[in-house]
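# Coordinate inspection notes
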Amino acid sequence: MPETQLLQPDEDGINRAAELLRTGKLVAIPTETVYGLAGDATRDVCVARIFDAKRRPRFNPLIVHLPDIDAARRIADFDDAAEALAGAFWPGALTLVLPLKSSAGIAPLVTAGLATVAVRAPGHPLARDLLTRANRPIAAPSANPAGRISPTTAQHVLDGLDGRIAAVLDGGPCETGIESTIVATGPAPRLLRPGGIPAEALEACLGAPLAMPDTDAGIASPGQMRSHYAPGAALRLDADTARPGEVLLGFGEMESDLNLSRAGDMVEAAANLFGHLRALDTEGASIAVAPIPETGLGRAINDRLRRAAAPRD
Ligand code: TXA
Ligand code: MG
């Protein structure tokens, strides 16, 4: 990877950032909360590159950034509470977790295979301008290496990710400095992560209290999410060959029904993971999965496979 470009917040810089995003590159972008590591949310391989650049050991689902509510309605189903919250707080530091539309065209790696998607219209003028010009949904986790704190200046981004991403668009220090508040609205509004907009303000808008993360048994706070993609099929890991009745998800040069990456490329394997699992996950199927080395994105791939293979009720 060549040197990371520092782009200025002018016409040239924004156009360059938009062009990089349209051509599948990663660009760190300013938002009012923290800098985000942006990539094309419609292409699994771009999303895999985000996880690779961050050296994230797990595939947490990512927030999809859009210029406005109209663009968000194209990928997610808004109920009344979501309409009210977006109407009151967008653009801004609020993320809504909503049912994913089947026609959304969002890469399965963005949602980590879940049926819901996190959407946000950021308020930072540069981010809005860039999202409009990029002309596609943009996935962006905070632009820090895994396990480090979120960056609030372009220099923080470079400190952690220089040489691992194509560019940083310098928008100066972030105004809010902490991540967005995350709310899921169905069946009843609940707080998944406290953040830039206080829960009280959201409750005032809704005219009702929000369920809080520690009082809700079903959903763990993001980051320690218990909910994850669970195939209907049984999964057997570290399989060399398929047993009778099994389909084989391969890795590397081998005979298999589908292969995560014949070349043994981890970015390609991560990009294919959820799509291939879904394709093999048919009624009554058993899926055998070839061993994946615990290196680079292999750790995240194995983490997801183990969760998907774990016994459940
Ligand atoms: O302010 C922010 O939200 C920043 C800027 C860049 O927008 N982004 C950010 O992204 O903080 P990230 O990836 O660091 O945190 C996203 C959180 C994760 O904890 C993830 O678990 C949660 O959003 N999340 C995403 N999709 C979800 C879903 N479908 N259900 C539940 N939680 C979800
Ligand atoms: Mg983060």
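Scoring rules and cut-offs
Residues numbered from 1 in each chain as written. Chains lettered and ligands numbered in written order. Predicted model: local features only at pLDDT ≥ 70, side-chain atom pairs only at ≥ 80, totals over all residues. Heavy atoms only, no water. Helix = DSSP H or I, 4+ residues; strand = E, 2+ residues; numbered from the N terminus. Polar contact = N/O pair within 3.5 Å; in protein donor to acceptor, adjacent residues only side chain to side chain. Phe/Tyr/Trp six-rings, centres within 6.5 Å; stacked < 30°, edge-to-face > 60°. Buried < 20%, exposed > 50% of the residue type's maximum accessible area, 1.4 Å probe, protein only.

## Some points on the side chain of Ser 261
- Turning to its location among the elements, Ser 261 is positioned in the loop between β13 (258-259) and α8 (266-280).
- Among the polar contacts made by the side chain of Ser 261, one reaches the main-chain amide nitrogen of Asp 265 at a distance of 2.8 Å.

## Examining unusual backbone geometry
- With an omega dihedral of -10 degrees, the bond running from Trp 90 to Pro 91 counts as a cis peptide bond.
- Going from Gly 186 to Pro 187, the amide bond is cis rather than trans, its omega being -5 degrees.
- Mapped onto the elements, Pro 187 comes out in the loop between β9 (181-184) and β10 (190-193).
- A positive phi angle is found at Asn 135, which is not glycine, with a value near 60 degrees.

## Quick word on the packing of aromatic side chains
- If you walk through the whole model with that rule in mind, you get three aromatic pairs.
- Between Phe 51 and Phe 59 the ring centres are 4.8 Å apart and the planes differ by 75 degrees, which places this aromatic pair in the edge-to-face class. Neither residue differs from the other here; Phe 51 and Phe 59 are each classed as buried.
- Ring geometry for Phe 78 and Trp 90: centres 6.0 Å apart, planes at 80 degrees, overall edge-to-face. Within this pair, whereas Phe 78 is found in the loop between α3 (69-73) and α4 (80-89), its partner Trp 90 is found in the loop between α4 and β5 (94-99), the two being separated by 12 residues in sequence.
- Looking at Phe 78, the relative accessible area reads 15%, which means it is buried.
- Put simply, the rings of Phe 51, Phe 59 and Phe 274 pair up and form one aromatic cluster.

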